[in-house]
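Examination of the molecular architecture
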Amino acid sequence: MAGLLRNLLLQTCSRRGSKFSVRHLKMALLSSLRTPGLCGALYYTGTRSISSGTLHIKDSLNFWSGGRVSLKDVKTKSEPVYEPATGRVLCQLQACGAADVDAAVRSASAAFTVWSKLAGMERARVMLEAARLIGKRREEIAEIEVVNNGKSITEARLDVDSARLCIEYFAGQATTLSGQHVQLPGGSFAYTRREPLGVCVGIGAWNYPFQIAAWKSAPAIACGNSMVFKPSPVTPVTAVLLAEIYSQAGAPEGLFSVVQGGQETGSLLCHHPSVAKVSFTGSVPTGKKIMEMASRGVKPVTLELGGKSPLIIFEDTDLENAVRGALMANFLSQGQVCSNGTRVFVQSSVLPPFLKEVARRTKAIQIGDPLLDETRMGALVSKPHLEKVLGYVKQAKKEGARVLCGGEPFIPADPKLKDGYYMTPCVLDGCTDDMTCVREEIFGPVMSVLSFDTEDEVLRRANDSALGLAAGVFTKDVKRAHRVIQNLQAGSCFINNYNITPVEVPFGGYKASGIGRENGQVTIEFYTQLKTVVVEMGDVDSLF
Ligand code: NAD
């Protein structure tokens, strides 16, 4: 389907003879021929396929004006970036200061001038080429993601696929931007236009580094904006690959730039006068700061923040299936998923068999080298984060929860992994609503199980949270399923499954979990502004 659309766009381009598009497409094809494997050229010190503990990153991770750049404004000490699987230093990260942020934003402004004038079909063509390049490099991008993030290669491949699909999806949307025609008295009329905002800033979290960069940039550039993206300083490595891919696909210089750094760099971006919008993924406390900074420039924000989501399992469900759902809701990416259903409410009549099966399956999860295909759980993202998650388990025990399984540090048998950040996935039983493990986002592989008796009771308890990112229900009763979901205060809901995020579907939170949506058609509204034009067909009827 994507291939068909791409061919159609290529034909359209040739017929229209667009100079920009044809030239850029040729450049893209040439550069993709010249660069058989990005990592082969830039990263790998040894053979083409990497194993844990072998990757060294030396090139600059900052990218604007069409290439990797060395920083001019170096005021702070560089910080080490780690490989979670081994605990080894992967590279040093230098944060961008004011002059470098300004250079990146200027480059993005210049790109906006060119890009925003292109037809949607022309933007789509570049995006589809970028998607094709991502598909071609799926394995190498996934491997680098694993080395920097610690998640299993199986999951990293799916993240890369999601990034590619998102870009393909919004390439399609780029061709559909349209307004409304409104009839007015006397033959007059008005029309609306969806116009891009300008330079958008994307700020990402560390749990889905490549995917977040794609989920933010795809709708932004589809609508004619440019983007300066700042990845988390914990996982700075793969966003720059996306920048190179867009560039190879024929995007104008500066269309998608990457600046590295932590909160200072992020705040320079939010305050920059030429920035029109900030799209942020991260924690609630940082989200509040982003909103505050953006408010000073009256800039719109998209906030994709944390969650403490409920998963409700009714007694009439297929229990095996519900257990599978509970595992998917808790243990993907070592439990470091914003939408995870970590408050698992199980109807008391089926609690014993549920606990037995969930513990059996959790104990069987294969932990180890994230680059191996058989691994299902890799390393947590950092040592401090691992300690924080283990601290939550300790606190839960202190408050009276029972550890059914896991919750301990784990040292894989392979000696090169002995300093990695591993733990055994944990199921906590006997949890109550007031416990810290039930109230706070742990962001690790820790499932809290609570029992309930009635629908009204579970709805009240499930909604008793300041957060409202996601929610799920398992039941065979179709009426109950919809009734329960209707009454749950959450933006992203699932019936008889969990953590399914097709790019065609809007994703985002209620309450303190965020503002705006990513993915789906509605996201176009968050990356455009509406212009209204009133057209008078008669004479001015003046009051003066
Ligand atoms: P974080 O808030 O610590 O950092 C996120 C990003 O913000 C990083 O790039 C960081 O450098 C930057 N940042 C920090 N302070 C800043 C400041 N003052 N100004 C500008 N930028 C600043 O979050 P994290 O630890 O990287 O990620 C984990 C959190 O992200 C969890 O709460 C998780 O639920 C949430 N998350 C949400 C979604 C979603 O879609 N809703 C997706 C992934 C992660």
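Residues numbered from 1 in each chain as written. Predicted model: local features only at pLDDT ≥ 70, side-chain atom pairs only at ≥ 80, totals over all residues. Heavy atoms only, no water.

Going by an unreviewed UniProt entry, the chain carries the name Aldehyde dehydrogenase domain-containing protein and comes from Sinocyclocheilus rhinocerous. Recorded in UniProt under Function (unreviewed entry), the annotation for the chain is "Converts gamma-trimethylaminobutyraldehyde into gamma-butyrobetaine with high efficiency (in vitro). Can catalyze the irreversible oxidation of a broad range of aldehydes to the corresponding acids in an NAD-dependent reaction, but with low efficiency." Entered under Subunit (unreviewed entry) in the UniProt record, the comment concerning the chain runs "Homotetramer." (UniProt positions renumbered as here; feature names shortened; annotations may be inferred.)

**Points about the overall build of the chain**
Secondary structure summary: the chain contains 18 helices and 22 strands in total. Computed over C-alpha atoms, the radius of gyration of the chain comes to 24 Å, within 12% of the 24 Å expected from 2.2 N^0.38 for 544 residues, which places it in the range of a compact globule. Once the C-alpha set of the chain is aligned to its principal axes, its extents read approximately 75 × 65 × 45 Å. Relative to its full complement of 544 residues, the chain shows a buried share of 58%. (Helix = DSSP H or I, 4+ residues; strand = E, 2+ residues; numbered from the N terminus. Rg over C-alpha atoms; globule rule 2.2 N^0.38 Å. Buried < 20%, exposed > 50% of the residue type's maximum accessible area, 1.4 Å probe, protein only.)

**Focus: helix α12 (residues 319–330)**
With 12 residues, α12 should cover 16 Å at 1.5 Å per step; its first-to-last C-alpha distance of 16 Å lies within 8% of that length. Within the sequence span of α12, burial applies to Leu319, Ala322, Val323, Gly325, Ala326, Leu327, Ala329 and Asn330. Backbone nitrogen of glutamate 320 and a side-chain oxygen of the N-cap are separated by 3.2 Å at the start of α12; the cap is aspartate 318. (Expected span 1.5 Å × (residues − 1). Polar contact = N/O pair within 3.5 Å; in protein donor to acceptor, adjacent residues only side chain to side chain.)

**Quick word on helix α13 (residues 351–363)**
Helix length check: α13, at 13 residues, gives a terminal C-alpha distance of 18 Å against a target of 18 Å (1.5 Å per residue), a fit within 8%. Taken together, the buried positions of α13 are Leu351, Phe354, Leu355, Glu357, Val358, Ala359 and Thr362. Tucked into the core, α13 has its buried residues touching β12 (310–313), α12, β13 (343–347), β14 (402–405), β15 (426–429) and β16 (446–452). (Contact = heavy atoms within 4.5 Å.)

**Considerations on the site of the ligand**
In the neighbourhood of the ligand, 29 residues make up the surrounding shell, with Gly204, Ser283, Thr286, Leu305 and Glu441 lying closest. Threonine 286 places a polar side-chain atom, nitrogen or oxygen, 2.7 Å from an oxygen atom of the ligand. Glutamate 304 places a side-chain nitrogen or oxygen 3.4 Å from an oxygen atom of the ligand. In isolation the ligand exposes 850 Å². Once the protein is present, 89% of that is buried. Elements that contribute at least two residues to the shell around the ligand include exactly α10 (263–271), β10 (275–281) and α11 (284–296). Broken down by element, the shell around the ligand gets its largest block of residues, 4 residues, from α11. Its residues assigned to classes, the shell around the ligand comprises 13 nonpolar, 12 polar and 4 charged. Split by domain, the residues of the shell around the ligand number at least three in each of domain 1 (63–305) and domain 2 (310–502). (Near = heavy atom within 4 Å. Areas by Shrake-Rupley, 256 points an atom, 1.4 Å probe, with all protein chains shown as cover. Nonpolar A, V, L, I, M, F, W, Y, C, P; charged D, E, K, R; others polar. Domains from an automatic or database assignment.)

**Observations concerning the side chain of arginine 343**
Within the secondary structure, arginine 343 is located in strand β13. Buried and without a salt bridge, arginine 343 has aspartate 433 as its closest oppositely charged side chain, separated by 6.3 Å. A distance of 2.9 Å separates a polar side-chain atom of arginine 343 from the backbone oxygen of lysine 308. At 2.8 Å, the side chain of arginine 343 forms a polar contact with the backbone oxygen of alanine 462. With residues up to four places along the chain from it excluded, the contact list for arginine 343 reads Lys308, Ser309, Pro310, Leu311, Val438, Ser448, Leu450, Arg461, Ala462, Asp464 and Ser465. (Lys, Arg positive; Asp, Glu negative; His and termini not counted. Salt bridge = Lys/Arg side-chain N within 4 Å of Asp/Glu carboxyl O.)

**Remarks on a nonpolar patch on the surface**
A surface patch of nonpolar side chains, amounting to about 220 Å² of accessible area, comprises Val182, Leu184 and Val534. Tracing the sequence through the fold places valine 182 in strand β5 (residues 181–183). Valine 182 gets classed as partly exposed once you look at its relative accessible area, which sits at 31%. (Patch = residues over 30% accessible without salt bridge, like charges linked within 9 Å, V, L, I, M, F, W, Y side chains within 5 Å.)

**Considering the pattern of salt bridges**
Taken as a whole and judged by the stated rule, the model has 26 salt bridges. Of the charged contacts in the structure, one is a salt bridge between arginine 138 and aspartate 161, with a shortest N-O distance of 2.7 Å. Of this pair, arginine 138 sits in helix α6 (residues 138–149) while aspartate 161 sits in helix α7 (residues 153–174), and the two are 23 residues apart along the sequence. Residue class for arginine 138 comes out partly exposed when judged on its relative accessible area of 29%. Residue classification places aspartate 161 among the buried positions, given a relative accessible area of 13%.

**Examining the sheet that holds β5**
Strand order in this open sheet of 3 strands is β5-β6-β22, and the pairing throughout is antiparallel. The sheet is open, and its two borders are formed by β5 and β22 (528–535), each paired with just one other strand. Sheet twist, expressed as the average angle between the axes of neighbouring strands with direction ignored, equals 20°. Note that β5 and strand β6 (residues 189–196) share 3 bridges and pair antiparallel. Of the residues in β6, the one forming a bridge with glutamine 183 is phenylalanine 189. (Pairing = 2+ DSSP bridges. Axes fitted to C-alpha atoms, helices over the stretch in contact; angles between N-to-C directions.)

**Observations concerning the packing of aromatic side chains**
Counting across every chain of the model gives 7 aromatic pairs. Ring pairs connect the aromatic residues Phe229, Tyr246 and Phe256, which therefore count as one cluster. Just above the ring of tyrosine 208 sits the side chain of lysine 151; from NZ or CZ to the centre is 3.6 Å. The positively charged end of arginine 480 is found above the aromatic ring belonging to phenylalanine 314, 4.0 Å away from the centroid. (Phe/Tyr/Trp six-rings, centres within 6.5 Å; stacked < 30°, edge-to-face > 60°. Lys NZ or Arg CZ within 6 Å of the ring centre and 35° of its normal.)

**Observations concerning the side chain of lysine 216**
Summarising the element assignment, lysine 216 is placed in helix α8 (residues 209–222). One polar contact links lysine 216 to serine 279, side chain to side chain, over a distance of 3.0 Å. Within the local environment of lysine 216, its side chain forms a polar contact with the side chain of glutamate 518, the two groups lying 2.7 Å apart. Sequence-distant contacts of lysine 216, defined by excluding residues within four places in its chain, comprise Gly202, Ile203, Met227, Phe229, Ser279, Phe280, Thr281, Glu518 and Tyr527.

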